[in-house]
Amino acid sequence: MNLIVAVDKNWAIGNKNKLLVSIPEDMKFFRESTTGKIVVMGKNTLESFPNSKPLKNRVNIVIALEKDYKVEGAVVVNSIEEALEEISKYNSEDVYVIGGGSIYKQMLDYCDTAYVTYVDYGYEADTYFPNLDERDDWKMVEEGEEQTYFDIEYYFRTYKKVK
């Protein structure tokens, strides 16, 4: 299973249920990586999308604690265990965990590849991703060339779980 995330230099991912920065090339990478695949997210992540609608051309699995939570065009589950059961119906290489903070933390151990857009800037934030550079069980295996968007420097990185 994969995860895909954009982090700042402090491994922050969001503030007040919004992304820290919107970089067109990062959005394109996300779209190209996940279209036609399965995306797993928490309710807050879904609700941060335009009109709180599931992403098009993907199977959307939404983890919501509320038992009566319903979303047209998405599979709603009520726990990580239920999400894992639903995910087991698919090829794990086609599954991408897309947030938010608590879902990433709970799903990290089930993933083996992390696609990280690393933004070399520190933003005001209230939500963080575990720092993979400080973990013995993850290793950066690829880092793309430095990219820039206006004055923002960022890198596309791939991490693999160390077996």
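First, a word on what this report is: a plain description of the structure on this page.

Conventions adopted
- Residues numbered from 1 in each chain as written.
- Predicted model: local features only at pLDDT ≥ 70, side-chain atom pairs only at ≥ 80, totals over all residues.
- Heavy atoms only, no water.
- Helix = DSSP H or I, 4+ residues; strand = E, 2+ residues; numbered from the N terminus.
- Buried < 20%, exposed > 50% of the residue type's maximum accessible area, 1.4 Å probe, protein only.
- Contact = heavy atoms within 4.5 Å.
- Lys, Arg positive; Asp, Glu negative; His and termini not counted.
- Charge placed at Lys NZ, Arg CZ, Asp CG, Glu CD.
- Salt bridge = Lys/Arg side-chain N within 4 Å of Asp/Glu carboxyl O.
- Pairing = 2+ DSSP bridges.
- Phe/Tyr/Trp six-rings, centres within 6.5 Å; stacked < 30°, edge-to-face > 60°.

The number of helices and strands found in the protein is four helices and 12 strands. Once the C-alpha set of the protein is aligned to its principal axes, its extents read approximately 45 × 40 × 30 Å. Taken over 163 residues, the protein has a buried fraction of 45%. Long-range contacts, defined here as pairs at least 24 residues apart, represent 62% of the contacts in the protein between residues at least 6 apart. The centroid of the 20 positive side-chain charges in the protein is displaced by 5 Å from the centroid of its 29 negative side-chain charges.

Our focus in this paragraph is the pattern of salt bridges. With the rule as written, the count across this model stands at seven salt bridges. Asp109 serves as the salt-bridge partner of Arg135, at 3.7 Å between the closest nitrogen and oxygen. Of this pair, Arg135 sits in the loop between strand E9 (127–128) and strand E10 (138–143) while Asp109 sits in the loop between helix H4 (101–107) and strand E8 (113–119), and the two are 26 residues apart along the sequence. Ionic pairing is found between Arg157 and Asp133, a salt bridge with its closest N-O pair at 3.4 Å. Placement of the pair is Arg157 in strand E12 (residues 152–161) and Asp133 in the loop between E9 and E10, with a sequence separation of 24 residues. Sharing partners across several salt bridges, the network here consists of Asp109, Arg135 and Asp137.

Further remarks concern the pairing of E12. Burial within E12 is extensive, with seven of its 10 residues counted as buried. Relative to E12, E8 is paired through seven bridges, and the arrangement is antiparallel. Within the sheet, the bridge partner assigned to Thr113 lies in E12 and is Lys160. Where E10 and E12 come together, five bridges link them in antiparallel fashion. Residue pairing in the sheet places Lys139 in a bridge with Lys160 of E12. Examined bridge by bridge, strand E11 (residues 147–149) and E12 share three bridges and lie antiparallel to one another.

Within the secondary structure, Asn2 is located in strand E1 (residues 2–7). We classify Asn2 as buried; its relative accessible area is 6%. Apart from residues lying up to four places away in sequence, Asn2 is in contact with Ser92, Glu93, Asp94, Val95, Tyr96, Val97, Cys111, Thr113 and Tyr115.

Moving on: the packing of aromatic side chains. The full count for this structure, using the stated rule, is 10 aromatic pairs. Here the aromatic rings of Tyr104 and Phe129 are separated by 4.9 Å at their centres, their planes lie at 75°, and the arrangement is edge-to-face. One end of the pair, Tyr104, is in helix H4; the other, Phe129, is in the loop between E9 and E10, and 25 residues separate them in sequence. For Phe129, a relative accessible area of 4% translates into the label buried. Measuring from centroid to centroid gives 5.6 Å for Tyr154 and Phe156, while their planes differ by 90°, and the two rings are edge-to-face. Residue classification places Tyr154 among the buried positions, given a relative accessible area of 1%.

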